[in-house]
Amino acid sequence: MEKTIRWAVCGLGKITKRFCRVLQRLPGVKLVACVSSSKERALAFQKKYGLEAAYTYEEFAANPGAADAVYVANNMNMHRPTVNRFLNAGIPVLCEKSFCLNKAEAEEMTACARKNNVLLMEAMWTRFLPSAEYVRGLFEKGELGKIKAIRAYFKAGIGHPPGSRVFRKAVGGGSVLDLAVYPAGYTHMLLGVPESISASGTLNKDGVDLRCSTEFRYPNNVTAKFDTSLLFMQIREDYNIYCEKAHVKIYRFYQSKKIKISYADGKKVIKKFERSDGFEYEILHFNNLIREGKTESPIMTHRATVEIMGLLEEINRQLGVVF
Ligand SMILES: NC(=O)c1ccc[n+]([C@@H]2O[C@H](COP(=O)([O-])OP(=O)(O)OC[C@H]3O[C@@H](n4cnc5c(N)ncnc54)[C@H](OP(=O)(O)O)[C@@H]3O)[C@@H](O)[C@H]2O)c1
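Residues numbered from 1 in each chain as written. Predicted model: local features only at pLDDT ≥ 70, side-chain atom pairs only at ≥ 80, totals over all residues.

Can you walk me through the overall build of the protein in this structure?
Across its full length, the protein carries nine helices and 14 strands. Over its C-alpha trace the protein gives a radius of gyration of 20 Å, about what one expects of a compact globule, namely 20 Å for 323 residues. Dimensions along the principal axes, computed over C-alpha positions, put the protein at roughly 60 × 50 × 35 Å. Counting all 323 residues of the protein, 44% fall into the buried class. Across the protein, the fraction of contacts at a sequence separation of at least 24, relative to all contacts at a separation of at least 6, is 67%. (Helix = DSSP H or I, 4+ residues; strand = E, 2+ residues; numbered from the N terminus. Rg over C-alpha atoms; globule rule 2.2 N^0.38 Å. Buried ≥ 20, exposed ≤ 12 C-beta atoms within 10 Å, placed from the backbone. Contact = placed C-beta atoms within 7 Å.)

Written out as structure tokens, the structure reads:
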């Protein structure tokens, strides 16, 4: 019988609640503990979700047998110390995006995982969606010819009140780490690291960007352009891939259920994908890595995470934002 993976969640904000909802309806897993900087909030969370235990960060690291895996979703400035602490305690970690604040931190965290021989993966759920797997397959097979250009938008203006983490430099705010990580990560999945980057944007009074336009340049004049914003309210979050033989439109690419391929001869193919939330695929993948005794994912590799953090750091640097 398959081993049940006992999960803890750390950082009890908005996204963790969604993670718990998804986790609690998956097979082969059990949500057993929660971890917070506030013991009081951890105890309230434990009660609400019917968990076995509630810990502070120190207490959880001192009880490594309490769970088989921990999902880290606190503020981005806290990812590095939290992840390293748990890895040093021998606990496998699934760490939210953006993985951390800059490339040096990502290098330190992945080195810590290797030193301890413990599983660490960035929770870039978009990379595990069936639609993303399908898109990877399209370009691996080369059926559509080479990619010539990419154009994408991503916004999340709704849902962030003034004072939210996304507007505060001290906790790792800004549209680059919060949003550009999605199109930058998707583009990295398809084309790897660009030859050069140019970015421009608008900063708030706290010194993080509210909106940003980025261009990645690759050999043979291939470009990937994307806009991210914490201000846009209504915009199509489509990811367009223009290639030699077709135009691939990935509708709402970061959680896509639908892809349209328009061929040069006028033929159109629509592909639809079933899913309930989207988080389930990264969780099931992580469970399998634990069961197989792996320390790194072949889909979201340490190298990819470090390279993507390098891209985000460069975008931020050009905007005048240094973490
Ligand atoms: N994958 C996705 O689709 C997705 C979506 C949104 C966010 N994220 C990522 O997840 C991370 C957290 O984002 P979030 O939107 O969940 O942030 P959030 O709701 O602002 O919570 C961030 C952290 O604030 C701390 N906190 C302090 N006081 C709190 C209070 N009274 N109530 C709740 N939390 C409090 C919590 O950590 P403690 O409990 O330890 O204090 C919590 O983890 C970020 O890295 C973000 O980029 C991912």
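Teacher, can you tell me more about the domain arrangement of the protein here?
How big an interface is tends to be stated in terms of the accessible area lost upon association of its parts. Here the domain parsing of the protein yields domain 1 (5-125 + 279-297) and domain 2 (130-274). Centre-to-centre, using C-alpha coordinates, domain 1 lies 27 Å away from domain 2. Taken together, the contact between domain 1 and domain 2 spans seven residues of the former and seven residues of the latter. Class assignment for the residues of the side of domain 1 that touches domain 2 results in three nonpolar, three polar and one charged. (Domains from an automatic or database assignment. Nonpolar A, V, L, I, M, F, W, Y, C, P; charged D, E, K, R; others polar.)

Could you clarify how one ought to interpret the packing of helix α7 (residues 175-191) against helix α9 (residues 302-319) in this entry?
Packed helices, taken two at a time, are described by the angle their axes make and the gap between the axes. Taken N-terminus to C-terminus, the directions of α7 and α9 make an angle of 125°; their axes are 10 Å apart at the nearest point. Accordingly, the angle class assigned to the pair α7 and α9 is oblique. Every pair of crossing elements has a handedness; the one defined by α7 and α9 is right-handed. Here Val-176, Leu-177, Ala-180, Val-181, Ala-184, Gly-185 and His-188 of α7 come into contact with α9, specifically with Ala-304, Glu-307, Ile-308, Leu-311, Leu-312, Ile-315 and Asn-316. (Axes fitted to C-alpha atoms, helices over the stretch in contact; angles between N-to-C directions. Parallel < 35°, antiparallel > 145°, perpendicular 65-115°, else oblique. Left-handed = near helix turned anticlockwise from the far one by under 90°.)

Explain the sheet that holds strand β9 (residues 209-218) here, please?
Sheet strands pair by backbone hydrogen bonding; their relative direction is either parallel or antiparallel. Taken in spatial order, the eight strands make up an open sheet running β8-β9-β10-β7-β11-β12-β13-β14, and their pairing is mixed. Every interior strand has two partners, whereas the edge strands, β8 (196-203) and β14 (268-272), have only one. Here the strands of the sheet are splayed against their neighbours by 10° on average, with no regard to which way each runs. Of the pairings in the sheet, the one linking strand β7 (residues 147-155) to strand β10 (residues 222-229) comprises seven bridges and is parallel in character. By the bridge assignment, Tyr-153 is partnered in β10 with Asp-227. (Pairing = 2+ DSSP bridges.)

I tried to follow the site of the ligand on my own but got confused; where do I start?
Residues in close proximity to the ligand total 19 residues, the closest being Gly-11, Gly-13, Lys-14, Ser-36 and Ser-37. Element by element, the count of residues in the shell around the ligand is highest for helix α1 (residues 14-23), at three residues. Residue classes in the shell around the ligand are distributed as five nonpolar, eight polar and six charged. (Near = placed C-beta within 6 Å.)

Which parts of the structure should I look at to understand the environment of Leu-12?
Of note, Leu-12 is situated in the loop between β1 (5-10) and α1. The contact partners of Leu-12, leaving out residues within four places of it in the chain, are Cys-34, Ser-36, Arg-41, Ala-42 and Phe-45.

Hey, could you run me through the nonpolar core in this one?
A general tendency of soluble globular proteins is for nonpolar side chains to be buried together. Grouped together as the largest cluster of nonpolar side chains are 92 residues, with contacts concentrated most on Val-35 and Val-70. Per element, the largest residue contribution to this core is eight residues, and it comes from α7. Inspection of this core shows a minimum of three residues originating in each of domain 1 (5-125 + 279-297) and domain 2 (130-274). When neighbours within four sequence positions are excluded, Val-70 is seen to be in contact with Ala-8, Cys-10, Val-35, Phe-86, Ile-91 and Val-93. (Core = buried A, V, L, I, M, F, W, Y, C linked by C-beta atoms within 7 Å.)

Just to check I follow, could you spell out unusual backbone geometry for this structure?
Between Lys-97 and Ser-98 the backbone carries a cis peptide bond, its omega angle lying at -25°. Unusually for a residue other than glycine, Asn-117 sits at a positive phi of about 55°. Residue Asn-117 is classed as exposed on the basis of its C-beta count, with 10 C-beta atoms lying within 10 Å. The backbone of Arg-252 shows a phi angle near 40°, a positive value even though the residue is not glycine.

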